Structures are given as structure tokens and as C-alpha cells.
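What follows is each chain in one-letter form.
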Amino acid sequence: ADEVGLGKTIEAGLVWTEMEARRQADRVLVVCPSSLVAKWRREMEDRFGFTLVELDNPGLQEMTERLETDRLPRRGAYICSIERLRTWEGLKRAAELGLNFDLSIVDEAHAFRNRGTKSFALGEMIQDCSEALVMLSATPVNLHNQDLYNLLSILVPGEFQDLRSLEHRISPNRVLNKLTSSLADPGVSNADRRAWLAESGLCIILWRRGLEGRGRDSGLPLRPSAPPAGRAGTRGGSGPGWDGGAG
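Quick caveat: nothing in here was measured; it's all calculated off a predicted structure. (Residues numbered from 1 in each chain as written. Predicted model: local features only at pLDDT ≥ 70, side-chain atom pairs only at ≥ 80, totals over all residues. Heavy atoms only, no water.)

Caption draft 1: Quick peek at the packing of helix α9 (residues 172-182) against helix α10 (residues 190-200). With their axes 10 Å apart at the nearest point, α9 and α10 run at an angle of 175° to one another. The orientation of α9 with respect to α10, classified from their angle, is roughly antiparallel. Contacts from Val 175, Lys 178, Leu 179 and Ser 182 in α9 reach Arg 193, Trp 196, Leu 197 and Ser 200 in α10. Per-class residue counts for the contact of α9 with α10 are four nonpolar, two polar and two charged. (Axes fitted to C-alpha atoms, helices over the stretch in contact; angles between N-to-C directions. Helix = DSSP H or I, 4+ residues; strand = E, 2+ residues; numbered from the N terminus. Parallel < 35°, antiparallel > 145°, perpendicular 65-115°, else oblique. Contact = heavy atoms within 4.5 Å. Nonpolar A, V, L, I, M, F, W, Y, C, P; charged D, E, K, R; others polar.)

Next comes the structure, spelled out in C-alpha cells:
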């Protein structure tokens, strides 16, 4: 999220609710900073009816013992702080015993961004033990792409071979952000925007089904036409249009 307070916790609760409806959330783990444990328990209970059992040190020990004897309940919802889980001596043993969760939710996931740390190792372990993983953060990754790459290597292992492959994938974002920002600028013309796209090597294609009765998808280059009289710069609504005109 770009800012705090935009509903990350609610989004996670909706994901959990959907997976529960599909009977794919029998065992759930929430991991967050210790200062947020009470907040997560309260919001999941009040808003979604989910009761989270906090895993303190005795609770983690009991979980290990139940794993040892194959007595861990099939259904359960747990919450544990990053700080406690990161220093839990039984973490490796629990993973060896096959600890698994249908859904794991990690809040303030930027804590896992530094490779080679206990926090990063914890993130990898959570990923290995989870069928589904949600990572939440409102802390911007704006210094360099290495932090983003490290987080993505936990969230989607193997998606990016290395940092260079990630940077290649996200390289179009710069010109697309520039283009989007220019839509409200009357000093920028369509020719300027097309030049930016051409320089970046981007090709924008619009797909429209059943064009003129063909009954199949057709690729159309993005070529904005002049708006109808009386609706300058709009496409079915108000606000600045492609050419920057008022709605």
C-alpha cells in the first residue's frame, strides 16, 4: 500500500474469508510485530468472526510437542509476533516435522527485506510451510530494487532469476507512470506521449472482442480519436481527457 490506513488488514481478512468459504483455510497463521498482535486479534474477531490464538513461548512448545506426536489439530488459527517467532529455537525442528498452514499472513513484511538475516530466514520458512502467503506492508521500497527483489524471492520464489531480471520486468513502469501523470497536463500532447512510448519500446494493444462481427479478439493500436462535439477530452465521464481537456 502507498500509505498506512488504506485497509491492508481488511484486505487480508477478505482473502481469509474467501479461502474459508472454499474450505481452503483450515489452518491459518498471522505473523506481525508484537505491538500489533492485540490489534489483529481484535479486528479479525470483530470484523470477520475469526478467533486467533496467540502463540506465546509455552504455546510454541506445545505446538512442537503436538507435531512430534502427530496431534496438531487439523483446524486452527494462530498469531505470533515476528520477534518471538524469529528467535524460537524450535523453528527448524517444526519445519522438519512438516508444520504447514493453508494460509499465512505477514504484516509489516518489509522486516524480511534484508537477505542473510534471521528475519529473512523466517520469511523463507513461512513461505515453505504455507500453501498461500499474503505479505502486507505500507513502507515504501524506494531506495533501490534489491529490497524489493529480496521480498519477492520470498513471496514468489523462482519468479525472477536475479535482480537484473526484476529490473527488466519493471522498467516500463517509469514511462507508464510518466504518461499517466501527464494526462492532466494540457501542455503535453498525444505526440509527446507516443514519443515516450516509442522511446521505451512499449507497444500498447487494445483487445476488443467481436469487432465488426468477426467473432474473435482483434488487436488495435492505441490511437485516441477526436472526442464528439460537446464532450471534449472525455470518454464517457468527466475529468481530464487524453488530450488534457476539461470534462
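Caption draft 2: View of the side chain of Ser 119. The topology assignment puts Ser 119 in helix α6 (residues 118-128). Take Ser 119: its relative accessible area is 9%, and that puts it in the buried class. A polar contact of 2.9 Å, which involves the side chain of Ser 119, links it to the side chain of Arg 86. Ignoring any residue separated from it by four or fewer positions in sequence, one finds Ser 119 in contact with Arg 86, Ala 111 and Phe 112. (Buried < 20%, exposed > 50% of the residue type's maximum accessible area, 1.4 Å probe, protein only. Polar contact = N/O pair within 3.5 Å; in protein donor to acceptor, adjacent residues only side chain to side chain.)

Caption draft 3: Structural view of the nonpolar core. One finds Leu 85, Val 106, Phe 112, Leu 122 and Ile 126 to be the most contacted residues of the largest nonpolar core, which totals 28 residues. Here the element with the most residues in this core is α6; it accounts for four residues. Apart from residues lying up to four places away in sequence, Leu 122 is in contact with Ile 82, Leu 85, Arg 86, Leu 91 and Phe 112. Grouped together as the second largest cluster of nonpolar side chains are 19 residues, Phe 50, Ala 77, Ile 105 and Val 134 included. (Core = buried A, V, L, I, M, F, W, Y, C linked by side-chain atoms within 4.5 Å.)

Caption draft 4: The arrangement of α9 in detail. For α9, the full list of buried residues reads Val 175, Leu 179 and Ser 182. Across the axial projection of α9, the buried residues extend over an arc of 65°, all falling on one side. Facing away from the buried side of α9 by more than 90 degrees, the exposed set consists of Arg 174, Asn 177 and Ser 181. Where α9 is buried, its residues touch α10. (Arc of directions from axis to C-beta.)

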